[in-house]
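# Overview (structure and organization)
Listed below, chain by chain, are the residues.
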Amino acid sequence: MAFPVNRPRRLRRTESLRRLVRETHLAPEQLVLPLFVRGGANVRRPIDAMPGVSQTSVDEMLRDAERAATHGVGGVLLFGIPDEKDATGSHAWDDNGPVQHAVRALKRELPELVVITDVCLCEYTDHGHCGVLANGDVDNDATLELLAREAVSHAHAGADIVAPSDMMDGRVAAIRRALDHAHFAHTPILSYAAKFASVFYGPFREAAESTPRSGDRRGYQMDPSNAREAVREVRLDLDEGADAVMVKPAGPYLDVIARVRRTTLVPLAAYQVSGEFAMIKAAAERGWLDGERAMMESLTAIRRAGADIIISYFAIDAATRLR
Ligand code: PBG
């Protein structure tokens, strides 16, 4: 039956009606705030292309995390910036590194807040690649053991979830084995299963000081053209023991989120990355967009596509609006 019997506008007439029939909901506890931690005290270094986001020392990080917790944000995702970098990224598994310190401080001060750690070598290697190099290429199998060491070090510090973002083949299995062996059978793995070689990571690389010195990441991160392959990556990670999976970036990959949602039962996370954040902020600064509404609409779209968890630099701002 068509018009004039059918009039979809009837249910859009008032805000109360719209609220009653709303299909997608966003809640603070579904949001995760990324944090960049470095050594020292009283350090807060703003990141140019990410207004409101800074690299901080652990003491300052605690203030941000506390604000997140107060507003009901579900968790934080930690990235570390070490004082020194080397060819193997050995500071990644230093039990006294910034991430390990931050995890211990968070579990002591804000035990309810879920602490997720990013497991990758790119912030720790002097060449900026996500694994060790052999003949100028990233050596997949040699990297696995190092990632496993890093994950165990994070779990040992008290991380609630470890999240490998390197895109090496077999890393979920290697990390699972190492965690179990070190008596961390209870520590879940959230794998960045479908992580694309995206230009939208640009501002993050300034934040994490992780731009590759030569070449790019297309030899390990996925080709932005591939959606079927994303489903394959997810299946492989689940076979290796991933407890939850991630699609990244989020906004330009809503179709991938929807596809992964249809084919898997585990919790699905999506990462609204630095470039997605920067675009909205830049347009809002120029008065070209209503920044708040763009924030909420972009997050709602990611939920609508099927994400259970959203990692976003907007986490606190969005949570504030939702309360
Ligand atoms: C790599 C990593 C990256 C991001 C998260 N983990 C960058 C990369 O692969 O170059 C990007 C996050 C963002 O852009 O916000 N460890």
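Shown above is the structure to which this text applies.
This report concerns the structure included in the present document. Everything quoted here is computed from the prediction, not taken from an experiment.

### Here we look at the overall build of the protein chain
- Scanning the protein chain for helices and strands turns up 11 helices and 12 strands.
- Counting only residues that meet the buried cut, the protein chain has 54% of its 323 residues in that class.
- Sequence separation of 24 or more characterises 74% of the internal contacts of the protein chain that already satisfy a separation of 6 or more.
- Put simply, the protein chain shows about 15200 Å² of open surface, and 50% of that area lies on carbon and sulfur atoms.
- Each charge class in the protein chain was averaged separately, 40 positive and 45 negative side chains, and the resulting centres sit 11 Å apart.

### Here we look at the side chain of Asp 237
- Of note, Asp 237 is situated in helix 7 (residues 228-239).
- What Asp 237 contacts, discounting residues up to four positions off in sequence, is Arg 171, Val 172, Ser 191, Ala 193 and Ala 242.

### Topic: helix 11 (residues 315-322)
- Every buried residue of helix 11 is listed here: Ala 315, Ile 316, Ala 318 and Ala 319. Projected down its long axis, helix 11 carries its buried residues within an arc of 165 degrees, all on one side.
- Buried residues along helix 11 sit in contact with strand 1 (31-38), helix 2 (58-70), helix 10 (291-305) and strand 12 (309-312).

### A word on the pairing of strand 10 (residues 244-248)
- Where burial is concerned, most of strand 10 is hidden: five out of the five residues are buried.
- With three bridges connecting them, strand 10 and strand 11 (residues 268-272) associate as parallel partners. For Val 247, the partnering residue across the bridge sits in strand 11 and is Ala 270.
- The parallel pair strand 10 and strand 11 is bridged by helix 8 (residues 254-263), and the resulting crossover is right-handed.

### Re the state of the cysteines
- As enumerated under the stated definition, the model contains zero disulfides in all.
- Cys 120 takes part in no disulfide bond, and the closest cysteine sulfur, belonging to Cys 130, lies 3.6 Å away.
- Looking at the unpaired Cys 122, the closest cysteine sulfur is the one in Cys 120, lying at 3.9 Å.
- Taking the relative accessible area as the measure of exposure, Cys 122 reaches 6% and is therefore buried.

### Points about the packing of aromatic side chains
- Applying the stated criterion across every chain, the model contains nine aromatic pairs.
- Summarising the aromatic geometry, the rings of Phe 36 and Tyr 313 are spaced 6.3 Å apart at their centres and angled 10 degrees between planes, so their arrangement reads as stacked. A residue pair is termed long-range when its members are at least 10 positions apart, and Phe 36 in strand 1 and Tyr 313 in the loop between strand 12 and helix 11 qualify at 277 residues.
- On the basis of relative accessible area, Phe 36 is assigned to the buried category, the value being 1%.
- Accessibility expressed as a relative area gives 8% for Tyr 313, which makes it buried.

### Comments concerning the site of the ligand
- In the neighbourhood of the ligand, 18 residues make up the surrounding shell, with Arg 205, Gln 221, Lys 248, Ser 274 and Tyr 313 lying closest.
- Within the side chain of Arg 205, an N or O atom sits 2.6 Å from an oxygen atom of the ligand.
- A distance of 2.9 Å separates an oxygen atom of the ligand from a polar side-chain atom of Arg 217.
- Considering the ligand on its own, with 400 Å² of exposed area, one finds that the protein chains cover 100% of that surface.
- Looking at the shell around the ligand, its residues break down into nine nonpolar, three polar and six charged.

### A few points about unusual backbone geometry
- Pro 4 follows Phe 3 through a cis peptide bond whose omega is 10 degrees.
- In this structure, Pro 4 sits in the segment before helix 1 (15-20).
- Of note, the amide linkage connecting Lys 248 to Pro 249 takes the cis form, showing an omega dihedral of -5 degrees.
- Here the phi dihedral of Asn 135 falls at roughly 55 degrees; this positive angle occurs in a residue that is not glycine.

### Remarks on a positive patch on the surface
- Taken together, Arg 7, Arg 9, Arg 10 and Arg 12 make up a surface patch of like positive charges.
- The residue Arg 12 is located in the segment before helix 1 in this model.
- Under the relative-accessibility criterion, Arg 12 is labelled exposed at 51%.

Analysis parameters
- Residues numbered from 1 in each chain as written.
- Predicted model: local features only at pLDDT ≥ 70, side-chain atom pairs only at ≥ 80, totals over all residues.
- Heavy atoms only, no water.
- Helix = DSSP H or I, 4+ residues; strand = E, 2+ residues; numbered from the N terminus.
- Buried < 20%, exposed > 50% of the residue type's maximum accessible area, 1.4 Å probe, protein only.
- Contact = heavy atoms within 4.5 Å.
- Areas by Shrake-Rupley, 256 points an atom, 1.4 Å probe, with all protein chains shown as cover.
- Lys, Arg positive; Asp, Glu negative; His and termini not counted.
- Charge placed at Lys NZ, Arg CZ, Asp CG, Glu CD.
- Arc of directions from axis to C-beta.
- Pairing = 2+ DSSP bridges.
- Right-handed = clockwise from strand over helix to strand, strands pointing away.
- Disulfide = S-S within 2.5 Å.
- Phe/Tyr/Trp six-rings, centres within 6.5 Å; stacked < 30°, edge-to-face > 60°.
- Near = heavy atom within 4 Å.
- Polar contact = N/O pair within 3.5 Å; in protein donor to acceptor, adjacent residues only side chain to side chain.
- Nonpolar A, V, L, I, M, F, W, Y, C, P; charged D, E, K, R; others polar.
- Patch = residues over 30% accessible without salt bridge, like charges linked within 9 Å, V, L, I, M, F, W, Y side chains within 5 Å.
- Salt bridge = Lys/Arg side-chain N within 4 Å of Asp/Glu carboxyl O.

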